[in-house]
Amino acid sequence: MLIGSADIHVEPAYADHVFDVRRLFGPKPRVQAESKIPRGVRVYAVGDVHGCAIELDRLLTIIADECRTAQVITHLIFLGDLIDRGPASAEVVARLERRDLPGDRHDFLMGNHEEIMVRVFDGDVGHLEGWLKYGGVQTLESYGIEREEILRLGLDLPSRMRDCIPHRDMEFLRNFRDQLRIGDYLFVHAGIRPGVALAEQSSRDLRWIRQGFLDDSTDHGFFVIHGHTICEEPDIASNRIGVDTGCYQSGRLTAIVLEGASRRFLHSAE
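Below is a short write-up of the structure. (Residues numbered from 1 in each chain as written. Predicted model: local features only at pLDDT ≥ 70, side-chain atom pairs only at ≥ 80, totals over all residues. Heavy atoms only, no water.)

1. Considering the overall build of the protein chain
Phase 1: The secondary structure content of the protein chain amounts to 10 helices and 10 strands.
Phase 2: In the protein chain, buried positions account for 56% of the 270 residues.
Phase 3: Of all intrachain contacts in the protein chain linking residues separated by at least 6 positions in sequence, the fraction that spans at least 24 positions is 70%.
Phase 4: Carbon and sulfur atoms provide 48% of the accessible area of the protein chain, an area that totals close to 11700 Å². (Helix = DSSP H or I, 4+ residues; strand = E, 2+ residues; numbered from the N terminus. Buried < 20%, exposed > 50% of the residue type's maximum accessible area, 1.4 Å probe, protein only. Contact = heavy atoms within 4.5 Å. Areas by Shrake-Rupley, 256 points an atom, 1.4 Å probe, with all protein chains shown as cover.)

2. Some details on the pairing of strand 6 (residues 223–226)
Phase 1: What you see with strand 6 is no split at all: F223 and I225 on one side and V224 and H226 on the other are buried throughout.
Phase 2: By the bridge criterion, 3 bridges tie strand 5 (residues 185–188) to strand 6 in an arrangement that is parallel. Bridging from a neighbouring strand, L186 pairs with V224 of strand 6.
Phase 3: Handedness of the β-α-β unit built from strand 5, helix 9 (residues 203–208) and strand 6 comes out right-handed.
Phase 4: Pairing analysis gives 3 bridges linking strand 6 to strand 8 (residues 240–242), with the strands arranged parallel. The partner of H226 across the bridge, within strand 8, is G242. (Pairing = 2+ DSSP bridges. Right-handed = clockwise from strand over helix to strand, strands pointing away.)

3. Examining the packing of helix 4 (residues 112–121) against helix 7 (residues 157–164)
Phase 1: As a packed pair, helix 4 and helix 7 sit with axes 8 Å apart at the nearest point and diverge in direction by 100°. It follows that helix 4 is roughly perpendicular to helix 7 by the angle criterion. Note on element contacts: helix 7 touches helix 4 through P158, M161 and R162, opposite M117, V120 and F121.
Phase 2: Broken down by class, the residue content of the contact of helix 4 with helix 7 amounts to 5 nonpolar, no polar and 1 charged. (Axes fitted to C-alpha atoms, helices over the stretch in contact; angles between N-to-C directions. Parallel < 35°, antiparallel > 145°, perpendicular 65-115°, else oblique. Nonpolar A, V, L, I, M, F, W, Y, C, P; charged D, E, K, R; others polar.)

4. Considerations on the pairing of strand 9 (residues 254–259)
Phase 1: In terms of burial, strand 9 is a largely internal element, 5 of the 6 residues being buried.
Phase 2: Summarising the sheet, strand 1 (residues 41–46) and strand 9 pair through 5 bridges and their orientation is antiparallel. Bridge pairing in strand 9 places R42 opposite E259.
Phase 3: Direction of pairing for strand 9 relative to strand 10 (residues 262–267): antiparallel, over a ladder of 6 bridges. Bridging from a neighbouring strand, I256 pairs with F265 of strand 10.
Phase 4: Remark: 2 residues form the turn of the hairpin made by strand 9 and strand 10, two consecutive strands paired antiparallel; G260 in that turn has positive phi of roughly 60°.

5. Details of the sheet that holds strand 1
Phase 1: An order of 3-2-1-9-10 is seen for the 5 strands of this open sheet, with the pairing classed as mixed. Sheet topology places strand 3 (105–108) and strand 10 at the edges, where each strand pairs with a single neighbour. Taking each pair of neighbouring strands and ignoring which way they run, the sheet shows an average axis angle of 20°.

6. Considerations on the packing of helix 2 (residues 53–68) against helix 3 (residues 89–97)
Phase 1: Where helix 2 meets helix 3, the axes come as close as 9 Å, and the angle between the chain directions of the two elements is 30°. Accordingly, the angle class assigned to the pair helix 2 and helix 3 is roughly parallel. Contacts between helix 2 and helix 3 involve A53, L56, D57 and L60 on the former and, on the latter, E91, V92, R95 and L96.
Phase 2: Along the lines of polarity and charge, the residues of the contact of helix 2 with helix 3 split into 5 nonpolar, no polar and 3 charged.

7. With respect to the sheet that holds strand 6
Phase 1: With respect to topology, 5 strands assemble into an open sheet ordered 4-5-6-8-7, the strand pairing being mixed. Here the strands that pair on one side only, and so sit at the sheet edges, are strand 4 (179–182) and strand 7 (235–236).
Phase 2: For strand 7 and strand 8, the ladder comprises 2 bridges, and the chain directions are antiparallel. Residue I236 lies in a different strand from strand 8, and its bridge partner there is I241.

8. Observations concerning the packing of aromatic side chains
Phase 1: Within the structure shown, the criterion is met by 6 aromatic pairs.
Phase 2: Ring geometry for F108 and F172: centres 5.0 Å apart, planes at 70°, overall edge-to-face. Of this pair, F108 sits in strand 3 while F172 sits in helix 8 (residues 167–174), and the two are 64 residues apart along the sequence. The burial state of F108 is the same as that of F172; both residues are buried.
Phase 3: An aromatic cluster is built from F78, F108, F172 and F176, whose rings are joined through pairwise contacts.
Phase 4: In this structure, R240 is placed above the aromatic ring of F213, and the distance from its NZ or CZ to the ring centre is 5.7 Å. (Phe/Tyr/Trp six-rings, centres within 6.5 Å; stacked < 30°, edge-to-face > 60°. Lys NZ or Arg CZ within 6 Å of the ring centre and 35° of its normal.)

Here you go:
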């Protein structure tokens, strides 16, 4: 069956493997001067969930335990790619949409997987084949659309999605933001284009970039916290930290905790 005409090679960020940048670019340079979160605030930034509801619940339980005794404002940020690949995207979206979450403030960033799901839902069948291949099938199954039906419907699949996926879920995903600045930190899904002012960054780069960002050691004037690129351990560079530890493969969902000048990590499993 032919599904659309998408060139899946256009979006290498869909690649389904552990992409450890340390193996590509060698040892990391010394981390630049300590960046800081404003006094009285603690940030928890959670990496790519990818439909892993069990691991998400475990990590949120750990965060909730910390928040109960916190003497500061606690701010929970999800770095994008809540959906696809794992088995329970619908459950993850519903849980987060309800805002039944620890912390005083909550923000959600747009990942490349949310972007493509929204585009397909809206009828952009040119991206349908690529989305299905890199996690969309699992998302649709979590909403009750069986694999055989997915294959049979072909280009009519977006219409079926609109019948099965709650409107509130899609509105929740549509309203994700592209970037968030807190103190000396910038939070994005994938990264930034070095040398481009924040106000001029493209959504495509913020949601998809790897090459040109991961291998750049420029002092951007802020420290970037991102997901998108899988590493076995948090990827600590001189100007950024990546916290996507490939939960759908590893069973390990990671959050970075930032308070003042301190940084530490929490994991759903050790």
